[in-house]
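These are the residues of each chain, in order.
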Amino acid sequence: MEVFMSELQKIKYNIVHQLKGLCAHCATGSIRPHVCPVQEISARIESLHGVPLMVNSEFKGVIFNRG
């Protein structure tokens with residue numbers, strides 16, 4: 001299951017990386033404090049976890065728990 005969770009980690013990393021490109025401060029790696037909705041969305045995406053959905057030994061996504 002670890003191999004498939006790493007697939008989820010790769011997808012989340014790519015999404016967060018693309019989101020950070022939407023904010024000039026985040027895209028340049030600025031340490032200047034700023035109010036940024038991108039950081040809030042990125043944090044929510046990074047916190048996602050669930051059970052990998054496998055079909056014919058292929059990763060198809062994640063099933064999330066509402067708990």
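All of these numbers come straight from a predicted model, not from anything done at the bench.

Draft legend 1. Structural context of the overall build of the protein. Summing up its helical and strand segments, the protein has 3 helices and 2 strands in all. Seen in sequence order, the protein has helices and strands lined up from the N terminus as α-α-α-β-β. Residue pairs in contact within the protein that sit at least 24 positions apart in sequence constitute 37% of those at least 6 positions apart. Summed over its atoms, the accessible surface of the protein is roughly 5500 Å², and 58% of this surface lies on carbon and sulfur atoms.

Draft legend 2. The pattern of salt bridges, seen in detail. The final tally for this structure, using the stated rule, is 1 salt bridge. As a salt-bridge pair, glutamate 58 and lysine 60 come within 3.2 Å of each other at their nearest N and O atoms.

Draft legend 3. How the structure looks around the pairing of strand S1 (residues 51-55). Relative to strand S2 (residues 58-63), S1 runs antiparallel, the two sharing 5 bridges. Looking at S2, one finds that methionine 54 is bridged to phenylalanine 59. Remark: 2 residues form the turn of the hairpin made by S1 and S2, two consecutive strands paired antiparallel; asparagine 56 in that turn has positive phi of roughly 50 degrees.

Draft legend 4. How the structure looks around the nonpolar core. Counting residues in hydrophobic clusters, the biggest one holds 7 residues: Val16, Leu19, Cys23, Cys26, Cys36, Val38 and Ile45. Among the secondary structure elements, those contributing two or more residues to this core are helix H1 (2-20) and helix H3 (37-46). In contact with cysteine 23, other than residues within four places in its own chain, are His34, Cys36 and Val38.

Draft legend 5. The arrangement of the confidence of the model for the protein in detail. Of the residues in the protein, 90% have a pLDDT of 70 or more, and the chain-wide mean is 84. Taken element by element, the protein is modelled with least confidence in H1, mean pLDDT 81, and with most confidence in H3, mean pLDDT 92.

Draft legend 6. Local environment of unusual backbone geometry. The phi dihedral of asparagine 56 falls on the positive side, at around 50 degrees, and the residue is not glycine. Note that asparagine 56 resides in the loop between S1 and S2. One non-glycine residue with positive phi stands out, namely serine 57, at about 60 degrees. Secondary-structure assignment places serine 57 in the loop between S1 and S2. What makes serine 57 exposed here is its relative accessible area of 69%.

The rules behind each value
- Residues numbered from 1 in each chain as written.
- Predicted model: local features only at pLDDT ≥ 70, side-chain atom pairs only at ≥ 80, totals over all residues.
- Heavy atoms only, no water.
- Helix = DSSP H or I, 4+ residues; strand = E, 2+ residues; numbered from the N terminus.
- Contact = heavy atoms within 4.5 Å.
- Areas by Shrake-Rupley, 256 points an atom, 1.4 Å probe, with all protein chains shown as cover.
- Salt bridge = Lys/Arg side-chain N within 4 Å of Asp/Glu carboxyl O.
- Pairing = 2+ DSSP bridges.
- Core = buried A, V, L, I, M, F, W, Y, C linked by side-chain atoms within 4.5 Å.
- Buried < 20%, exposed > 50% of the residue type's maximum accessible area, 1.4 Å probe, protein only.
- pLDDT = per-residue confidence, 0-100.

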